[in-house]
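This is what each chain is made of:
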Amino acid sequence: GAGVSQSPSNKVTEKGKDVELRCDPISGHTALYWYRQSLGQGLEFLIYFQGNSAPDKSGLPSDRFSAERTGGSVSTLTIQRTQQEDSAVYLCASSPGLSGEKLFFGSGTQLSVL
Amino acid sequence: QKEVEQNSGPLSVPEGAIASLNCTYSDRVSQSFFWYRQYSGKSPELIMSIYSNGDKEDGRFTAQLNKASQYVSLLIRDSQPSDSATYLCAVRYQTGANNLFFGTGTRLTVIP
């Protein structure tokens, strides 16, 4: 499809396990964002990729969280040793670039840590 | 510290009324302003953007920007039950790598 694709749509894991969340942005979009949204809350910024520049990791809540973006396209958000407080919807968004204003969001990954 | 603030609501209006959603921001070095709508269980989608002072109208939606007072508003005329959603304000600043900041959103309920 032409939109931002995220997988899996739902992930249930046990406390202490590692998880990987995938985001496939719109083709040609150079900017990619990861956000986290807890139930009834706003968007919490996690990490931002822009082209080949070093990512802005200032929103990652702990060193258990990491993300990479391969070839300027697909991005993977990894959470190590998951905790119950990591349970949330993880949203990925992309935009055309530095002058691209509109963010296109994926449908999110609902992560539940038991 | 750049901040974007919104009243979390809930804001309830009767069908057909005007819904007024407000957002304030803390940094004068701002460039562009956005309103996203998020239905329950869905992802945010952009409904309005505004870049200069004044009003911008699109159908039943009007965005109002006042940079001197550092606020941006969204008016929804003839509110419909289908407008019931959370509305997120976003501000893009001129500087910084990640220069896009979201408010926490205002939950709007339009009562039939």
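Our subject in this report is the structure included herewith.

Rules used in this analysis
- Residues numbered from 1 in each chain as written.
- Chains lettered and ligands numbered in written order.
- Predicted model: local features only at pLDDT ≥ 70, side-chain atom pairs only at ≥ 80, totals over all residues.
- Heavy atoms only, no water.
- Disulfide = S-S within 2.5 Å.
- Helix = DSSP H or I, 4+ residues; strand = E, 2+ residues; numbered from the N terminus.
- Buried < 20%, exposed > 50% of the residue type's maximum accessible area, 1.4 Å probe, protein only.
- Pairing = 2+ DSSP bridges.
- Axes fitted to C-alpha atoms, helices over the stretch in contact; angles between N-to-C directions.

### Description of the state of the cysteines
Next, step 1: This structure, assessed with the given rule, holds 2 disulfides over all chains.
Next, step 2: Note on cysteine connectivity: Cys23 of chain A is disulfide-linked to Cys92 of chain A, with sulfurs 1.8 Å apart. The S-S bond linking Cys23 of chain A to Cys92 of chain A shows a torsion near -65 degrees; that makes this disulfide left-handed. One end of the pair, Cys23 of chain A, is in strand E3 (residues 19-24); the other, Cys92 of chain A, is in strand E8 (residues 88-95), with 69 residues separating them in the sequence. Across the pair, exposure class does not vary: Cys23 of chain A and Cys92 of chain A are buried alike.
Next, step 3: Residue pairing for Cys23 of chain B: its cysteine sulfur links by disulfide to Cys89 of chain B, the two sulfurs lying 2.1 Å apart. On the sign convention where negative is left-handed, the bridge of Cys23 of chain B and Cys89 of chain B, at about -70 degrees about the S-S bond, is left-handed. With Cys23 of chain B in strand E3 (residues 19-25) and Cys89 of chain B in strand E9 (residues 85-93), the pair connects residues that are 66 residues apart, well separated along the chain.

### A look at the sheet that holds strand E7 (residues 75-79) of chain A
Residue and element names in this part refer to chain A.
Next, step 1: One open sheet accounts for 4 strands, arranged E1-E3-E7-E6; its pairing is antiparallel. Only two strands of the sheet have a single partner each, and these edge strands are strand E1 (5-7) and strand E6 (65-69). On average, each strand axis in the sheet is inclined to that of its neighbour by 15 degrees, with strand direction left out of account.
Next, step 2: Where E6 and E7 come together, 5 bridges link them in antiparallel fashion. Following the sheet pairing, Arg69 is matched in E7 by Ser75.

Nothing here speaks to function; it is geometry throughout.
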